[in-house]
Amino acid sequence: MLNADLLILHASQLVTCASPRGPKRGSAMREVGLLEDGAIAISGDKILEVGSTTDVTARYTAKTSLDATGKVVCPGFVDPHTHVVYAGDRVAEFEQRIQGLSYMEIMAAGGGIVSSARAVRAASVEQLVKETRPRLESMLRLGTTTLEVKTGYGLDETNELKLLAVIESLATSQACTLVPTFLGAHAVPAEYKTTPEKYVQLVIEKMLPRAADWYGESLFKARGIPFFCDVFCELNAFNLDQSRRILEAAVALGLGVKIHADEFTPLGGVTLAVDLKAVSADHLDATTEVERVRLANSNTICVVLPAVNFHLGSAHFADARALLDAGCALALSTDINPGSAPCPSMPLVMAIASRYQHMLPSETLNASTINAAHAVGLGAKVGSLEPGKQADVLLLKTSDYRHLSYRFGENLVETVIKNGVIVQE
Ligand code: NIG
Ligand code: FE
């Protein structure tokens, strides 16, 4: 007999989402790797074995075991696009939108991202950590065990570095794995409104090199977690040429790249993402057929964010079905942020994606686990239940994984195991 630290036994459905050869596409998106009466053996922070309860109990003993009878066991969710570090809220803008103003109108009038930037600039590292921690705790309770976290509400050298410090502080003081992304080019700050090109220069010449230096000394580098640079390529934000120059500068510094593309306006961000071998292209609400084919022929993951459309009261969603049918590798994400999606819940995102984007429950689950892990460069470490991977595991209070998309408005996540430790029961 071999020793494990923790056994999970008798899962009515154990869904592995395993995909040893990279992200899932096409018909593989409908396969969740389902085992009935499934079991997992965990040692330390890693998965040792996944199989039938009969096989696993024949080989392993452990001091602790969990009975998953009547439950689903699945990988912890990966949320690959978040702006979860912010101060205050934008509930007043929410009321303005209810009364008829659009997100873009509010942004053009000096609200939106730059109003969150005012709040972030006024807050200390400690204050930002304190405001963000409960949001991460909500996410964990809802099953998210790994998330990408962007800067982007600092919009100057000091405050963007402050946000990186907040992300690093949170990485050591709560359970989720965090993946940092520098988003200095999230909006043109008020002081550069008439001279946006000067801000682009500042991002390229000062902010990005300092962010790269920060990463070199950070615990993320030491832990093998990648660092990305993202740009909001949009009208009234950064145009295609500016986005290209910023992302090329990031590539030259050794960072991975991501892009907010086609959220409202198709400016060519997808083609740029594919050219630069971006790890992901995100939003894709206005992406054309030609660009879907480009994405399908690339390794760039399509991250779609339907909680944004829902929160903005829009009936238009990214055409996830067409992306999937074209053969793209697709992931889902909350985009949690104070303006366009104050939403910590991956299960709610799955529920919306099934209803408005015609994604099957199997597809929403793969898009929230293994493919989302690839969208943050951690496909080899998290996102599926496979031997050698991080033991990030959920027990659900349902015996059918499809209920994750089918039911909404309640939390089906009962137990969260992060790095082999039960962090939520
Ligand atoms: O992904 N589009 C840009 N960034 C966010 C919104 C951030 C905000 O409104 O504060 C998004 O939707
Ligand atoms: Fe975003």
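It should be emphasised that the depicted structure is a prediction, and the values quoted were computed from it without experimental measurement. Per chain, residue numbering runs from 1 following the sequence as it is written. All chains are assigned letters beginning with A, and all ligands numbers beginning with 1, in the order in which they are written. Reporting in this predicted model follows two pLDDT cut-offs: at least 70 for local features of residues, and 80 or more for side-chain atom pairs to be given and counted; totals over whole chains, interfaces and linings ignore these cut-offs and use all residues. Think of the side-chain values as coming from all heavy atoms in the structure, minus any hydrogens and water.

Here a residue is near a molecule or strand as soon as one of its heavy atoms is found within 4 Å of it. Neighbouring residues of ligand 1: 15 residues in total, closest Tyr 103, Tyr 153, Glu 263, Asp 335 and Ser 340. A distance of 3.2 Å separates an oxygen atom of ligand 1 from a polar atom in the side chain of His 260. Residues adjacent in sequence count toward polar contacts only when both atoms are side-chain atoms; beyond that, a polar contact is any pair of N or O atoms within 3.5 Å, and within protein one must be able to donate a hydrogen and the other to accept it. At 2.8 Å from an oxygen atom of ligand 1 is found a side-chain nitrogen or oxygen belonging to His 283. Here the open area of atoms and residues is found with the Shrake-Rupley method and a 1.4 Å probe, where only the protein chains shown may cover a residue. Isolated, ligand 1 exposes 330 Å² of accessible area, and the fraction of that covered by the protein chains is 100%. Amino acid classes used here: Ala, Val, Leu, Ile, Met, Phe, Trp, Tyr, Cys and Pro are nonpolar; Asp, Glu, Lys and Arg are charged; the rest, including Gly, are polar. Residues belonging to the shell around ligand 1 are distributed by class as follows: four nonpolar, eight polar and three charged.

A few words on helix α11 (residues 289–296). Within α11, burial applies to Glu 291, Arg 292, Leu 295 and Ala 296. The arc that holds the buried residues of α11, viewed along the axis, is 145 degrees, so those residues lie on one side. What makes two residues a contact is simply this: any of their non-hydrogen atoms within 4.5 Å. Under the DSSP-based scheme used, a helix requires at least four consecutive residues in state H or I and a strand at least two consecutive residues in state E, with every element numbered from the N terminus. On its buried face, α11 sits against α10 (269–275), β11 (280–283), β12 (301–304) and α13 (320–326). Categorising residues by exposure relies on relative accessible area from a 1.4 Å probe, with only protein chains included: less than 20% of the type maximum marks a residue as buried, more than 50% marks it as exposed, and the intermediate range marks it as partly exposed. Each direction from the helix axis to a C-beta atom contributes to the arc, which is the arc of those directions.

A word on the domain arrangement of the chain. The source of the domain bounds is an automatic or database domain assignment. Structurally, the chain comprises domain 1 (2–75 + 384–424) and domain 2 (77–374). In this structure, domain 1 and domain 2 have C-alpha centres spaced 29 Å apart. On the side of domain 2, 38 residues touch domain 1, which itself brings 33 residues to the contact. Joining two parts hides part of their accessible area as seen by a 1.4 Å probe, and the buried area is that hidden amount summed over both. Note on domain 1 versus domain 2: buried area summed over both sides is about 2700 Å², and carbon and sulfur give 61% of it. Taken as a group, Arg 25, Met 29 and Ser 405 account for 25% of the area that domain 1 buries against domain 2, more than any other trio of residues on that side. Only one rule defines a salt bridge in this text: a Lys or Arg side-chain nitrogen within 4 Å of an Asp or Glu carboxyl oxygen. Counting across the domain 1 and domain 2 interface gives one salt bridge. With its nearest N and O atoms 3.4 Å apart, the salt bridge here joins Arg 30 to Glu 363. Summed over the shared surface of domain 1 and domain 2, the result is 16 residue pairs in polar contact (both at pLDDT 80 or more). Elements supplying a minimum of two residues to the side of domain 1 that touches domain 2: β5 (72–75), α17 (403–406), β15 (413–418) and β16 (421–424). Among the elements that make up the side of domain 1 that touches domain 2, the one with the highest residue count is β15 (four residues). Grouping the constituent residues of the side of domain 1 that touches domain 2 by class yields 17 nonpolar, seven polar and nine charged.

This part takes up helix α15 (residues 361–368). α15 sits mainly inside the fold: seven of its eight residues count as buried. Within α15 the residues assigned to the buried category are Ser 362, Glu 363, Thr 364, Leu 365, Asn 366, Ala 367 and Ser 368.

This part covers the nonpolar core. Side chains of nonpolar character tend, in soluble globular proteins, to be buried together. Put simply, buried Ala, Val, Leu, Ile, Met, Phe, Trp, Tyr and Cys residues joined by side-chain atoms within 4.5 Å make one nonpolar core. Ranked by size, the top nonpolar core spans 121 residues in total, and within it Phe 77, Val 85, Leu 178, Phe 220, Phe 238, Ile 246 and Leu 332 carry the most contacts. Here this core takes ten residues from helix α7 (residues 196–217), the largest share from any one element. With 16 residues, the next largest nonpolar core counts Ala 11, Ile 40, Ile 47 and Ala 68 among its residues.

Sites may look incomplete, because water is not among the atoms used; the donor set itself consists of N, O and S atoms within 2.8 Å of the metal (3.2 Å for Na, K and Ca). Protein-derived coordination of the iron ion (ligand 2) comes from His 81 (NE2), His 83 (NE2), His 260 (NE2) and Asp 335 (OD), at a distance range of 2.0 to 2.6 Å. Linear spacing of the donor residues for the iron ion (ligand 2) on their chain is H-x1-H-x176-H-x74-D. With His 83 in the loop between β6 (77–79) and α2 (91–98) and His 260 in strand β10 (residues 256–261), the pair connects residues that are 177 residues apart, well separated along the chain. Taking the relative accessible area as the measure of exposure, His 260 reaches 2% and is therefore buried.

Before going further, it helps to examine unusual backbone geometry. One non-glycine residue with positive phi stands out, namely His 10, at about 60 degrees. In this fold, His 10 is placed in strand β1 (residues 2–15). According to the relative accessible area criterion, His 10 is partly exposed, its value standing at 36%. Here His 358, not a glycine, exhibits a phi torsion of approximately 60 degrees, which is positive. Mapped onto the fold, His 358 is located in the loop between α14 (346–357) and α15. Look at His 358 and you get exposed, because its relative accessible area is 54%.

Quick look at the pairing of β5 now. By the bridge criterion, two bridges tie β1 to β5 in an arrangement that is parallel. Along β5, the bridge assignment pairs Leu 14 with Val 73. Relative to strand β14 (residues 393–396), β5 is paired through four bridges, and the arrangement is antiparallel. What sits directly across from Val 72, in β14, is Leu 396. Strands are treated as partners if at least two bridges between them are detected by DSSP.

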